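Results of the structural survey
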Amino acid sequence: MSVKDIYVIGDEKRMVVRSFINDLRSASLTVHSLPAEYGSVVSLPKESIHIAVCFDDTMPADVMEYLRESVMDKGWYLYLIGKIGGLSMNEKKHSSEIPGVRFPYWPVPAKTLIAEMEKTRKDILVVDDDPMMLRSLYSWLNESFNIHAANSGHAALEFLRQNEVDLVLLDYEMPLMNGKEVLQEIRTSYENNTLPVIFLTAKNDKETIRSIVGLHPNGYVLKSNSAAEIKRTVTSFFASQVSFASN
């Protein structure tokens, strides 16, 4: 996923949208422009991409609904610009549920948007006692994320005492200190006790999954999943976040 490419959904007849697109191109971004129409939006790539959505009073409800339903599954990163007027209460609810970075103002300078795009390269701590699994996860995820590795629960906790990360991919079954114990330590003894944790597990039997879910992690992923599926899980987790950009 390159921060040099972005799709812009909006009405290019509006001067503010045309100026925005020109500003992005002047900043050396490759801009793919498309109208705010359902038929155009459903043709977007089914992979992790950056999408700027230029809201206005005529933004179709079916476009907003498609974005809301699709963003996490496809791992899109959305930048929602401006406000929508003339919506019903139900439509306002749906628009507020679309994950992404929100810019409730115009204009949005290219440098401001690019700064938000670059934040999508997150820091991830991968914890696993299997060296082969660590190497595999590094090779699968390193293109899109900054990957740090720890081969034990104790090593992971020591790393977290000195470094900040955006997510921990944590092996559920490890010797000496298992994933459950590491998660409990993070939740009770660390300043950032809301640090997201996704478990890695080799088992998918009901008892194991029930035990994992009962610990209330931010998710879990099977080690037997393909590289593409694991990357999609991680990308979709970050894409599901909602934040507000500073003016």
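Here the structure is a predicted model, which means the values were calculated and not measured. (Residues numbered from 1 in each chain as written. Predicted model: local features only at pLDDT ≥ 70, side-chain atom pairs only at ≥ 80, totals over all residues. Heavy atoms only, no water.)

**Quick look at the overall build of the protein**
Cut-off, in case you're wondering: Helix and strand definitions follow DSSP, with helices as H or I runs of at least four residues and strands as E runs of at least two, each counted in order from the N terminus. Note on contacts: a residue pair qualifies if any of its non-hydrogen atoms lie within 4.5 Å across the two residues. Areas reported as accessible are Shrake-Rupley estimates using a 1.4 Å probe. Residue values count occlusion only from the protein chains shown. Counting rule applied: Lys, Arg positive; Asp, Glu negative; His and chain ends not counted. Note on charges: their place is set at NZ of Lys, CZ of Arg, CG of Asp or CD of Glu.
On a plain count of helices and strands, the protein comes out with 10 helices and 11 strands. C-alpha atoms of the protein, sized along the principal axes, occupy 65 × 35 × 35 Å. The long-range fraction of contacts in the protein, counting pairs at least 24 apart against all pairs at least 6 apart in sequence, stands at 66%. Split by element, the accessible area of the protein, about 12500 Å² in all, is 49% carbon and sulfur. Both charge centroids of the protein, one from 26 positive and one from 32 negative side chains, sit 3 Å from each other.

**Some words on the pattern of salt bridges**
As a reminder of what qualifies: Just to be clear on terms, a salt bridge is a Lys or Arg side-chain nitrogen sitting within 4 Å of an Asp or Glu carboxyl oxygen. Only protein chains enter the calculation, and the probe is 1.4 Å; a residue is then buried if its accessible area is under 20% of its type maximum, exposed if over 50%, and partly exposed in between.
For the structure on display, the rule yields six salt bridges. Here Arg 68 makes a salt bridge to Glu 65, at a shortest N to O gap of 2.8 Å. Taken together, the residues span about one helical turn, with Arg 68 and Glu 65 both in helix H3 (residues 61-74) at a distance of three residues. Accessibility expressed as a relative area gives 23% for Arg 68, which makes it partly exposed. The partner of Lys 119 in a salt bridge is Glu 116, and the shortest N-O contact between them spans 3.3 Å. One salt-bridge network, held together by shared partners, links Asp 128, Asp 171 and Lys 223.

**Digging into the packing of H3 against helix H10 (residues 227-239)**
Quick reminder of the rule: Only the stretch in contact is used when a helix axis is fitted, and all axes are lines through C-alpha atoms; the angle between N-to-C directions ranges over 0 to 180 degrees. Oblique is the label for any angle not covered by the other classes, which are roughly parallel (under 35 degrees), roughly antiparallel (over 145) and roughly perpendicular (65 to 115).
Where H3 meets H10, the axes come as close as 7 Å, and the angle between the chain directions of the two elements is 140 degrees. Relative to H10, the element H3 is oriented oblique. Within the contact between the two elements, H3 uses Val 71, Met 72, Asp 73 and Lys 74 and H10 uses Arg 232, Ser 236 and Ala 239.

**Here we look at the side chain of Glu 116**
One can find Glu 116 in helix H5 (residues 110-118). Ignoring sequence-local partners within four residues, the contact set of Glu 116 consists of Tyr 79, Val 101, Phe 103 and Ala 245.

**Details of unusual backbone geometry**
Geometrically, the link from Trp 106 to Pro 107 is a cis peptide bond, its omega value of -10 degrees lying close to zero. Relative to the assigned elements, Pro 107 resides in the loop between strand E5 (100-103) and H5. Residues other than glycine seldom take positive phi values, yet Ser 28 does so here, at roughly 75 degrees. If you trace the backbone, Ser 28 turns up in the loop between helix H1 (15-26) and strand E2 (30-34). Positive phi values are uncommon outside glycine, yet His 216 reaches one of about 60 degrees.

**A closer look at the sheet that holds strand E6 (residues 123-127)**
The cut-off we apply is this: Strands qualify as paired when DSSP identifies two bridges or more between them.
Across the sheet, which stays open at both edges, the five strands sit in the order E7-E6-E8-E9-E10 with parallel pairing between neighbours. If you trace the sheet from one side to the other, it starts and ends with strand E7 (146-150) and strand E10 (219-222), each paired once. Each strand axis lies, on average, 20 degrees off the axis of its neighbour in the sheet, ignoring direction. Of the strand pairs in this sheet, E6 and E7 are connected by five bridges, and their pairing is parallel. Residue Val 127 lies in a different strand from E7, and its bridge partner there is Ala 150. Packing of helix H7 (residues 153-162) onto the sheet brings it into contact with E6, E7 and strand E8 (167-171), and relative to E6 it is tilted by some 160 degrees. Sheet strands touched by H10: E6, E8, strand E9 (197-201) and E10. Its angle to E8, the strand with the most contacts, is close to 145 degrees.

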